[in-house]
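Now for the letters of each chain:
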Amino acid sequence: MKKILIVIFLSIITLNLQILRVAGKSYNYSPLGEVVYSAEALSVTQVIDSDNIRDEFNQPISTSFGELVDVFGLEDKIYLVDRTNSIVHVLSDKYEYIRSFGETLLTNPQGIFVTDEFIYVADTGNFRIAIFDHNYDYSSEILAPSDPTFKQNPEDKSGYDFKPLKITVNRTGRIYVIADQIFEGIMDFNPDGSFSRYLGANTVTLSVWEAFWLKLTSEEQRQAQGYRLATTFKNLMVDDMGYLYTVSDVTEGERVIKKLNYKGIDVLTRNGYIPQVGDLVTVPRSQNLPVGPSEFIDIDVNDFGNYMVLDSTRGRIFTYDFEGNLLYVFGQLGNLTNTTNNVRDRFLKPTALKYFNSKVLVVDSINKNLVVFEYTEFGRLVNEATKLYYEGDYQGAKDTWEDVLVVNTNYYLAYKGIAKALLREGDYEKAMEYSKLGYDDLTYSSAYQPYRYERVVVVFPYLLSVSFAYLIFTFVKSAKQAINKAKEEDEIG
Amino acid sequence: MKLDNVLVKIKSFFKKINIKTSVRNFYNDCIRMPIRLIVYPIKGFEEFKVEKEAKGYVAIFYLFMMILTQIIAYNGNGFLVNKNNPRDFNLFMTIALVVFPVVIFVIANWATTALMEGKGNMTEIFRVVTYAFFPYVWLGLIASLISNYITVDEIVFFTILQSLGVGILAYMLFFGLLGIHEYGLFKTIMMFIFTIVAIAAILFIILLFFSLIQQLFTFIRSVYDEFVMRFLIWTR
């Protein structure tokens, strides 16, 4: 009797644990906006911090990490911006420490971008962009544009300080900078370092209520209210084609992620099931998670149009494909759900992320570490499928989506992808079935149209002949009646 | 013996029913009369009131059909126009969302027209409201049927049918209430405005009532808790 009780007790405990574990697992959103649990797309494989960092000869190093605020990976090197120590750490692709650079030259750096030629560091404390070559020697600098908006020298009292925060450089060497307190948009510098223009400012919008009050207030009252400023960009990244991917404040609503072309116009495709705003449903308070909308602080784009954004509210990373579908969500803050002790592979205050080879790097400024994510089988398959679809190999994409469905049956995007491929093959009936499962209206519609035509072509001749026969029947009947009537009238007459 | 008697009775009952005439009566009452009301609203609603052409069973029938239409629209609409989550379907709510507004509207309208010298009584108001469901029900059912056989470009036909149903419903309601209360055009418009005000007042009172009941309940509950804590737990 006791044994049975113990077994029941233990099974209840393990069941509960399982439920808890599922609650912390990866998720996605269904086309109807519900939370659907999903297979894990990325998992943490390595966490590099001051304790376990080694140099090439597997020896501990003397310097320790400060507050890491930005990360960049190019070819076989990883660059970490250390804000408190005002240096940049360079790591190899095996996460071995190579060296640091920028001591005495940098003050309070905030951002980094590396091209084949140069390393651009946003040297916020010195009000400039410092440029280094690949021997880590100081090469040149970009100072504030010669414009009265900015302080031209330290004694100048009228302008703003030029405080570059985030920086990106396209393949022709044009430098795009987000600077503190600058509301005109992204600053665009020529390759030689001269200022060119402002780009793609967010527009100021008024709600109906605000507009109503603005009508009632007098000129003095309006001045007392202060300026209505456009929301500034939080971060940016340039892709191979030269498009700028930006993230802004939550006030931008559904257009919080933008893809700016050279004219500064937003051209992002928004064809996903749900808008690209991160978390859809506000998390219930009982789960002890921070409430409120996702606030994006960093974005990175890979070579086939997938982009991922880092949410600082709940420490989650959302990945979207080039059409705007939410592919997968990973990452989580570690100090949540009643755990005060921090788990090493969870974040405390993630600040930046970067695609690096087939991995994802995330830096955390409070944990002072670099977290390395690697794709699981599921994540790899999804990436492959979206890549094949991006390249136009629909048949290959279909086969890969079928593999994805083996791993995760609740993956609506896979059904959608298969439906599109089936429609191209001309298998309309199956395409309809799959597009219904994938909630894809347009594919369903364009598969249904030829299907309906095929069906109607079979039925229509019979329909036509029957109605034609009826027509003749009624005509003959009425003609007979008319003749009879005429005969009767003749007889009477 | 007894079973035979019952069977004979049932047989004689069914023999009394003439299926042909009953179907014809049903057709006349449920289809032809409402169509007549749409085509000749003034004359039709005069017959409706004076000659007692309105039948109670037709009113109940259309109230029931309205619920059925809502259920079919939720579950049976085609894939392209149906963005409802089938798991969110709630039969009780669907019925309540048809019956409750009808009841409130009838009460509010009766209350206002009683003050505004309307000639209609409550039964007539109820019958007008349910007869007005006629276009909505049939056009809605046709729309639900064709929504299963359309493409994205043809959704406009579905939308037209549905909005036509709502439009004719409003038209029938307007002329119906005008007819049974024997009002002019302006007074009918005023009556509608006052009815909306009355509906708002009724909803407000219901809300107030429920929140009061809730507060009373929590008060009794806390008194009970206090009593249990003080006299039953502490003394032990």
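Whatever comes next refers back to the structure up there.
Presented here is a report on the structure given in the accompanying data block. (Residues numbered from 1 in each chain as written. Chains lettered and ligands numbered in written order. Predicted model: local features only at pLDDT ≥ 70, side-chain atom pairs only at ≥ 80, totals over all residues.)

**Overview of the overall build of chain A**
Helix and strand counts for chain A stand at eight helices and 26 strands. Dimensions of chain A along its principal axes, counting C-alpha atoms only, are 125 × 85 × 50 Å. In chain A, which comprises 493 residues, the proportion classed as buried is 37%. Excluding contacts between residues fewer than 6 apart, the proportion of contacts in chain A whose partners are at least 24 apart in sequence is 42%. (Helix = DSSP H or I, 4+ residues; strand = E, 2+ residues; numbered from the N terminus. Buried ≥ 20, exposed ≤ 12 C-beta atoms within 10 Å, placed from the backbone. Contact = placed C-beta atoms within 7 Å.)

**Remarks on the interface of chain A and chain B**
Contact with chain A, which involves nine residues of that partner, is made by six residues of chain B. At seven residues, helix 8 (residues 441–492) of chain A tops the list of elements feeding residues into the side of chain A that touches chain B. Tallied by class, residues from the side of chain A that touches chain B come to four nonpolar, two polar and three charged. (Nonpolar A, V, L, I, M, F, W, Y, C, P; charged D, E, K, R; others polar.)

**Focus: the sheet that holds strand 14 (residues 175–179) of chain A**
Residue and element names in this part refer to chain A. One open sheet holds the four strands; their spatial order is 13-14-15-16, and the pairing between them is antiparallel. Each having just a single partner strand, strand 13 (164–169) and strand 16 (195–199) make up the two edges of the open sheet. Averaged over all adjacent pairs, the angle separating strand axes in this sheet is 25 degrees, with direction ignored. (Pairing = 2+ DSSP bridges. Axes fitted to C-alpha atoms, helices over the stretch in contact; angles between N-to-C directions.)

**Observations regarding the pairing of strand 22 (residues 317–320) of chain A**
Residue and element names in this part refer to chain A. By the alternation rule, side chains of strand 22 split into Ile 317 and Thr 319 and Phe 318 and Tyr 320, which are all buried. Bridging between strand 21 (residues 307–311) and strand 22 involves four bridges; their strand directions are antiparallel. Considered in strand 22, the bridge of Val 309 is made with Phe 318. What sits between the antiparallel neighbours strand 21 and strand 22 is a turn of five residues, in which Gly 315 has the positive phi angle 65 degrees. Summarising the sheet, strand 22 and strand 23 (residues 326–330) pair through four bridges and their orientation is antiparallel. Within the sheet, the bridge partner assigned to Thr 319 lies in strand 23 and is Tyr 328. Taken together, strand 22 and the strand that follows it, strand 23, pair antiparallel across an intervening segment of five residues, in which Gly 324 is found at a positive phi of about 100 degrees.

**Observations regarding the nonpolar core**
Residues and elements named next belong to chain A. Formed by 109 residues in total, the largest nonpolar core has its most connected members in Leu 80, Ile 112, Tyr 120 and Val 177. Looking at this core, you find at least three residues from each of domain 1 (42–375) and domain 2 (378–461). Not counting residues within four places of it along the chain, the set of residues in contact with Leu 80 comprises Leu 68, Val 71, Val 88, His 89, Leu 91, Val 363 and Leu 370. (Core = buried A, V, L, I, M, F, W, Y, C linked by C-beta atoms within 7 Å. Domains from an automatic or database assignment.)

**Looking at the environment of Leu388(A)**
Residues and elements named next belong to chain A. Locating Leu 388 in the fold gives a position in helix 4 (residues 377–391). Through-space distance from the C-alpha of Leu 388 to that of Asn 108 is 42 Å; in sequence the pair is 280 residues apart. In this structure Leu 388 touches Asp 393, Gly 396, Ala 397 and Thr 400, once residues within four positions along its chain are discounted.

**Some thoughts on the packing of helix 4 of chain A against helix 5 (residues 394–407) of chain A**
Helices that pack against each other are described as a pair by the angle of their axes relative to one another and the distance between those axes. All names here are of chain A. Interaxial distance between helix 4 and helix 5 falls to 8 Å at its minimum, and their mutual angle equals 160 degrees. Accordingly, the angle class assigned to the pair helix 4 and helix 5 is roughly antiparallel. Seen along the crossing, helix 4 lies across helix 5 with a hand that is left-handed. Contacts between helix 4 and helix 5 involve Glu 377, Phe 378, Leu 381, Val 382, Glu 384, Ala 385, Leu 388 and Tyr 389 from the first element and Tyr 394, Gly 396, Ala 397, Thr 400, Trp 401, Asp 403, Val 404 and Val 407 from the second. Class assignment of the residues belonging to the contact of helix 4 with helix 5 gives a composition of 11 nonpolar, two polar and three charged. (Parallel < 35°, antiparallel > 145°, perpendicular 65-115°, else oblique. Left-handed = near helix turned anticlockwise from the far one by under 90°.)

**A few points about the sheet that holds strand 18 (residues 244–248) of chain A**
Residues and elements named next belong to chain A. Spatially, 17-18-19 is the arrangement adopted by the three strands of the open sheet, whose pairing is antiparallel. Only two strands of the sheet have a single partner each, and these edge strands are strand 17 (233–238) and strand 19 (257–260). Neighbour to neighbour, the strand axes of the sheet diverge by 25 degrees on average, direction disregarded. Across five bridges, strand 17 lies against strand 18 in antiparallel orientation.

**With respect to helix 4 (residues 56–76) of chain B**
All names here are of chain B. Helix length check: helix 4, at 21 residues, gives a terminal C-alpha distance of 29 Å against a target of 30 Å (1.5 Å per residue), a fit within 8%. Burial in helix 4 covers these residues: Val 58, Tyr 62, Met 65, Met 66 and Thr 69. Projected onto a plane normal to the axis of helix 4, the buried residues spread over an arc of 115 degrees and lie on a single side. Projecting away from the buried face of helix 4 at angles above 90 degrees are the exposed residues Gly 56 and Tyr 57. For helix 4, the elements touching its buried residues are helix 2 (19–39), helix 5 (91–115), helix 6 (122–131) and helix 7 (133–146). (Expected span 1.5 Å × (residues − 1). Arc of directions from axis to C-beta.)

**Remarks on the environment of Thr188(B)**
Of note, Thr188(B) is situated in helix 9 (residues 185–233). Beyond its immediate stretch of four places on either side in the chain, Thr188(B) contacts Phe174(B), Leu177(B), Leu178(B) and Tyr183(B).

**Digging into helix 8 of chain A**
Residue and element names in this part refer to chain A. Bending of helix 8 peaks at approximately 35 degrees at the position of Val 459, with proline Pro 461 no more than four residues after it. For helix 8, the buried fraction is low: four of the 52 residues fall into the buried class. Looking at helix 8, one finds that the buried residues are Thr 443, Tyr 444, Ala 447 and Tyr 448. Structurally, helix 8 contributes buried residues whose contacts are with helix 6 (412–425) and helix 7 (428–437). (Bend = angle between axes of the 7 residues up to and from the residue.)

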